[in-house]
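# Overview (structure and organization)
So the chains spell out like this:
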Amino acid sequence: MRRLLPALPLLGVIAVLALSAVPARAQGDAARVVAERRVTARQLDLTVSSPALGRTAGVRLLTPDGWRSRPHRSWPVLWLLHGCCDDYTSWTANTDLAGIPELRRVLVVMPEGGTAGFYSDWRNHGARGAPRWETFHLTELRRLLERSYGAGPGRAVAGLSMGGFGALSYAARHPGMFRAAASYSGVADPLYQQGGPANVLAIVRGQGADPYALWGDPVADRRIWAEHDPYVLAGALRRLPVFLSCGDGTAGPFDPPGATSAYETLFLAESRHVADRLHALGNHRLVTDFYGHGTHEWPYWQRELHRSLPLLLGAMGARG
């Protein structure tokens, strides 16, 4: 989907904690943390055994000041979702996230979402079953974090590209769970007439999966696609603070001369479509940053994270 940037070196000594020190699962909840790894003073990696996925998955936490293992207090939570072809380490590897002062009062959760999982419980041609990314994130992982890692009820969600879709879809499909949502160069409207469905199918196929196992056929199973599409679900977002940003797919300040991105051009059209719908529905808390020149690359997403933080932090009550 895009050129992956090399990960930055990990800082500090990595310590693998004994499994006996990992918080035990609660009765009746089969998802559990099976390993913890301290990456830096504020970064903690979890390995979660997930029935919804049928395997283990990684989650990176950026912990707030004053946090300690099994804390007796809670913090506002920012969920940061990665894009296609990336994983739970990508936000800290490719941005200055860990050094942002405003996030020292917030628990930042960066979960694995599959290289092309699309933040959904896959239909699997009607058979259901794994992978169930939505269930893993919003039921299994959320409960684990609230029980043992200080996650409070004040939540916001943001993501880039496929993760931008996830942020908008999660916020719309689960009213009241998130207080704000932000999409950076997001797949904002999978059913967009000028190429939306073909793009989603190509992304999934490009990662070696059956594209019709996700939501089915975009024509025959349009209802299932619509149940996940932020444009169709815009009514559930109309009272929520929403941040939408995207470039136009041409070379910008962080690109070499002549660079282009067909992804970014499509996602701008999709994001504008969603923005127009939200405006028509009377969302007066919508913020858009359609910044013109720019391609589908990390420097833009880092900048847009900074630009969206006032909206996200304000909604979570994490300012000051």
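Residues numbered from 1 in each chain as written. Predicted model: local features only at pLDDT ≥ 70, side-chain atom pairs only at ≥ 80, totals over all residues. Heavy atoms only, no water.

### Observations regarding the packing of aromatic side chains
Enumeration over the complete set of coordinates arrives at 14 aromatic pairs. Summarising the aromatic geometry, the rings of Y291 and Y300 are spaced 5.8 Å apart at their centres and angled 5° between planes, so their arrangement reads as stacked. In this pair, the class of Y291 matches that of Y300, namely buried. Taken together, the ring pairs in this structure connect W91, Y184, F243, W298 and W301 into an aromatic cluster. The ring of Y291 carries R303 above its face, with NZ or CZ at 4.5 Å from the centroid. (Phe/Tyr/Trp six-rings, centres within 6.5 Å; stacked < 30°, edge-to-face > 60°. Buried < 20%, exposed > 50% of the residue type's maximum accessible area, 1.4 Å probe, protein only. Lys NZ or Arg CZ within 6 Å of the ring centre and 35° of its normal.)

### Comments concerning the environment of L81
Residue position: L81 is located in strand β5 (residues 75–81). On a C-alpha basis, the gap between L81 and A158 in space is 6.2 Å, while along the polypeptide they are 77 residues apart. (Helix = DSSP H or I, 4+ residues; strand = E, 2+ residues; numbered from the N terminus.)

### Remarks on unusual backbone geometry
The omega angle of the peptide bond from A130 to P131 is 0°, so this bond is cis rather than trans. The residue P131 is located in the loop between β6 (107–111) and α2 (133–148) in this model. Of note, N124 is a non-glycine position whose phi angle comes to about 50°, a positive value. Taking the relative accessible area as the measure of exposure, N124 reaches 19% and is therefore buried.

### What about the nonpolar core?
Judged by nonpolar contacts, the single largest core of 70 residues is most densely connected at L46, L61, V109, F118, F136 and L145. Broken down by element, this core gets its largest block of residues, seven residues, from helix α3 (residues 162–173). Excluding anything up to four places from it in sequence, F118 contacts G113, M162, F165, V187, V200, I203, V204, L214 and W215. Core analysis: the next-biggest nonpolar cluster, separate from the first, contains 29 residues, V106, A182, Y291 and M316 among them. (Core = buried A, V, L, I, M, F, W, Y, C linked by side-chain atoms within 4.5 Å. Contact = heavy atoms within 4.5 Å.)

### Points about helix α7 (residues 298–316)
Counted at 1.5 Å a residue, the expected span for α7 with its 19 residues is 27 Å, and the 25 Å between its end C-alpha atoms agrees. Along α7, the sharpest change in direction is near 45° and occurs at S308; proline P310 comes one to four residues later. Among the residues making up α7, those that are buried are W298, Y300, W301, E304, L305, S308, L309, L311, L312, L313, A315 and M316. Tucked into the core, α7 has its buried residues touching β5, α1 (90–94), β7 (151–160), β8 (181–184), β9 (242–246) and β10 (286–290). (Expected span 1.5 Å × (residues − 1). Bend = angle between axes of the 7 residues up to and from the residue.)

### Notes on the pairing of β5
The buried fraction of β5 is high, at seven of seven residues. Bridging between β5 and β6 involves three bridges; their strand directions are parallel. Its bridge partner lying in β6, W79 is registered against V109. (Pairing = 2+ DSSP bridges.)

### Digging into the pattern of salt bridges
For the structure shown, the criterion picks out twelve salt bridges. Put simply, E134 and R173 hold a salt bridge, and the shortest N to O gap is 2.9 Å. Within this pair, whereas E134 is found in helix α2, its partner R173 is found in helix α3, the two being separated by 39 residues in sequence. Close ionic contact of R155 with E146 constitutes a salt bridge, the shortest N to O distance being 2.8 Å. By relative accessible area, which is 10% here, R155 ends up buried. Of the residues examined, E146 reaches a relative accessible area of 30% and is grouped as partly exposed. Linked by salt bridges that have partners in common, D289, R303, E304 and R307 make up one network. (Salt bridge = Lys/Arg side-chain N within 4 Å of Asp/Glu carboxyl O.)

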